[in-house]
Amino acid sequence: MNWITNYVRPRINSIFSRRETPDNLWTKCNECGTMLFHRELADNLNVCTNCGHHMHISPRARFKALFDGGIFTEVKVPAPTPDPLHFKDQKRYPDRMKAAQKQTGEHEAMLVVTGEIGRTPIVACAQDFSFMGGSMGMYVGNAIIAAAEEAVKLKRPLVLFSAAGGARMQEGILSLMQMPRTTVAVQMLKEAGLPYIVVLTHPTTGGVTASYAMLGDVQIAEPNALICFAGPRVIEQTIREKLPEGFQRAEYLLDHGMLDRVTKRTEMRDELITITRMLMGLPPAVRGDLPAPEELEVAEAAAAVQAAADLPADTPEKK
C-alpha cells in the first residue's frame, strides 16, 4: 500500500491535476469580444485581428515598431517642480504619481525620442494614456518644448502621437499654461521650416485637442479615435439634443475637414515615411536593399574589367 499511496497516486494526481496558467495570455477585444492570444495581438500592434479595433499601446511598443530596427534614443526632458500646489483629493498627488510610475514603468506621461524611419531621421514624442490618462501637466509641456528644440537643432521633422484626457487637474492653472507654451514650441518648428506631423489616437480630448494636437502641418488619426474638446455626453446634456452617429470620431472629423488622413496603425509607419520624406524634399524611401554580390561574381567582374584594360587602344572592344 505504501508504494501505491506514496508513488502511484501522487503521480496520477500530478498528470490530471489542473495546471496554473498566466492571466495575461489572452486579451478580450472590447469591440467584438474576440479572445486574442497575447503574442498575436502584440505582433499586430494591439489591433484586433478580427474587427480591426485599435487598443491602447504604450509609447515604447509603438516606437519599437515605428523606428528602423526598433532602435531609438531618448531625449532628456527637464523635470518640473513636483506637486507645486500640494494637491490632495482622495490621495496625495505624489502618491498618485508613484502609483502611475509603478504601473507603467515610465517617469511621466510623455516619451521623447530620436531615430530613423525608412532611413529618415526624425524626432518623435508620444503620450501614454496609461499614465494618469495621459494628462497634460508641466512635464508634458517641457517634453514638447524639448522635442521641438531637438528637432530645430538637428533640423529634423517632429512627429507627435497624442493620447490624453486633457489637462492635469492636480496642477491646476499651471497645467493650463502648457497650452500657450506648446503653441510657441510648434511655432518654433514653423519658423525653422520643419514639418510638424500629429497622429491623434484614442482618446485625444480637452486642452490637448485645444493646443498642440490640432496644430500639425498634417493631421492623421487612427480609426475610430475619439477627438474632441468636450465629450459627446457633456454636449448632449448641454444642448439637450441627440448627436449624429459617430460624432467626434476620426472618420466623422475626416468627412468634415478636420483631419487629413485616417490610417490604420499597422500602416502608419509607411504613411509617415512617405509624408516626412515628401515634406523634407527627399526622394522616395528605399523599400529594400539588393543582396551583396557573391565572391565569384565579384572576381569575374574584376577579371573582365582587367581584361578590357589590357586590350590595345585600337581594338573595337577598347573603343
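The structure this text deals with has already been given above.
Let us look at the structure shown here. (Residues numbered from 1 in each chain as written. Predicted model: local features only at pLDDT ≥ 70, side-chain atom pairs only at ≥ 80, totals over all residues. Heavy atoms only, no water.)

All right, on to the pairing of strand 8 (residues 218-221) then. Along a regular strand, successive side chains alternate from one face of the sheet to the other. By the alternation rule, side chains of strand 8 split into Val218 and Ile220 and Gln219 and Ala221, which are all buried. Examined bridge by bridge, strand 7 (residues 196-204) and strand 8 share four bridges and lie parallel to one another. Considered in strand 8, the bridge of valine 199 is made with isoleucine 220. Direction of pairing for strand 8 relative to strand 9 (residues 261-262): parallel, over a ladder of two bridges. Directly across from isoleucine 220, in strand 9, lies its bridge partner arginine 261. (Buried < 20%, exposed > 50% of the residue type's maximum accessible area, 1.4 Å probe, protein only. Helix = DSSP H or I, 4+ residues; strand = E, 2+ residues; numbered from the N terminus. Pairing = 2+ DSSP bridges.)

Turning next to the environment of valine 208. Here valine 208 shows up in helix 8 (residues 206-209). Note on valine 208: relative accessible area 0%, which makes it buried. Put simply, valine 208 and leucine 176 are 32 residues apart on the chain and 9.5 Å apart in space, counted from C-alpha to C-alpha. In contact with valine 208, not counting residues within four places along its chain, are Gln127, Met136, Ser162, Ala164, Gly166 and Ala213. (Contact = heavy atoms within 4.5 Å.)

Okay, helix 4 (residues 93-104) next. For helix 4, with 12 residues, the first-to-last C-alpha span of 17 Å sits near the 16 Å given by 1.5 Å per residue. Every buried residue of helix 4 is accounted for by Tyr93, Met97 and Ala100. When helix 4 is viewed along its axis, its buried side chains cluster within an angular range of 65° and face the same direction. Turned more than 90 degrees away from the buried face of helix 4 sit Lys98, Lys102 and Gln103, all of them exposed. Positive phi appears at glycine 105, one or two residues downstream of helix 4, with a value of about 75°. (Expected span 1.5 Å × (residues − 1). Arc of directions from axis to C-beta.)

Here we take up the nonpolar core. Core analysis: the biggest nonpolar cluster contains 40 residues, and Met110, Val112, Leu158, Leu160, Tyr196, Tyr212 and Ile227 have the highest contact counts within it. Mapped onto this core, the elements with two or more residues apiece are helix 4, strand 4 (110-117), strand 5 (120-127), helix 5 (138-154), strand 6 (158-164), helix 7 (178-191), strand 7 and helix 10 (250-255). Aside from chain neighbours lying at most four places away, what touches leucine 158 is Val123, Ala124, Cys125, Ala147, Ala148, Ala151, Leu189, Pro195, Tyr196 and Ile197. (Core = buried A, V, L, I, M, F, W, Y, C linked by side-chain atoms within 4.5 Å.)

A few words now on the pattern of salt bridges. Pairing is possible between side chains that carry opposite charge, provided their charged atoms lie close to one another. All chains considered together, the criterion is met by 12 salt bridges. Arginine 60 serves as the salt-bridge partner of glutamate 106, at 2.5 Å between the closest nitrogen and oxygen. Residue glutamate 106 is located in the loop between helix 4 and strand 4, and its partner arginine 60 is located in helix 3 (residues 59-66); the two are separated by 46 residues in the primary sequence. Assessed through its relative accessible area of 13%, glutamate 106 is described here as buried. You can call arginine 60 partly exposed: its relative accessible area is 32%. Note that arginine 168 and glutamate 108 form a salt bridge whose closest N and O atoms lie 2.8 Å from each other. Linking arginine 168 in the loop between strand 6 and helix 6 (172-176) with glutamate 108 in the loop between helix 4 and strand 4, this pair joins segments that are 60 residues apart in sequence. As far as burial versus exposure is concerned, arginine 168 and glutamate 108 are alike and both buried. One salt-bridge network, in which partners are shared between bridges, spans Arg60, Glu74 and Glu106. (Salt bridge = Lys/Arg side-chain N within 4 Å of Asp/Glu carboxyl O.)

To continue, consider helix 7. Counted at 1.5 Å a residue, the expected span for helix 7 with its 14 residues is 20 Å, and the 20 Å between its end C-alpha atoms agrees. All buried positions along helix 7 are accounted for by Gln178, Thr182, Ala185, Val186 and Leu189. An end-on view of helix 7 places all buried positions within 95° of arc, on one side of the element. With respect to the buried face of helix 7, the exposed residues turned more than 90 degrees away are Val184 and Glu191.

Turning our eyes to something else, we now look at the packing of helix 5 against helix 7. Two elements in contact, helix 5 and helix 7, have axes separated by 9 Å at closest approach and are oriented at 10°. Relative to helix 7, the element helix 5 is oriented roughly parallel. Touching Met138, Gly141, Asn142, Ile144, Ile145, Ala148, Glu149, Ala151 and Val152 of helix 5 are Gln178, Arg181, Thr182, Ala185, Met188 and Leu189, all from helix 7. Taken together, the residues of the contact of helix 5 with helix 7 sort by class into nine nonpolar, four polar and two charged. (Axes fitted to C-alpha atoms, helices over the stretch in contact; angles between N-to-C directions. Parallel < 35°, antiparallel > 145°, perpendicular 65-115°, else oblique. Nonpolar A, V, L, I, M, F, W, Y, C, P; charged D, E, K, R; others polar.)

Let us now look at the side chain of glutamine 178. By the element assignment, glutamine 178 lies in helix 7. In this structure the side chain of glutamine 178 is engaged in a polar contact, spanning 2.7 Å, whose partner is the backbone oxygen of leucine 174. What glutamine 178 contacts, discounting residues up to four positions off in sequence, is Met136, Gly137, Met138, Gly141 and Asn142. (Polar contact = N/O pair within 3.5 Å; in protein donor to acceptor, adjacent residues only side chain to side chain.)

Turning our eyes to something else, we now look at the packing of aromatic side chains. Applying the stated criterion across every chain, the model contains six aromatic pairs. On the numbers, 5.8 Å between centres and 65° between planes, the contact of phenylalanine 63 with phenylalanine 72 is edge-to-face. The exposure class assigned to phenylalanine 63 is buried, which follows from its relative accessible area of 0%. For the ring pair phenylalanine 63 and phenylalanine 161, a centre distance of 6.2 Å and an interplane angle of 70° mean the geometry is edge-to-face. (Phe/Tyr/Trp six-rings, centres within 6.5 Å; stacked < 30°, edge-to-face > 60°.)

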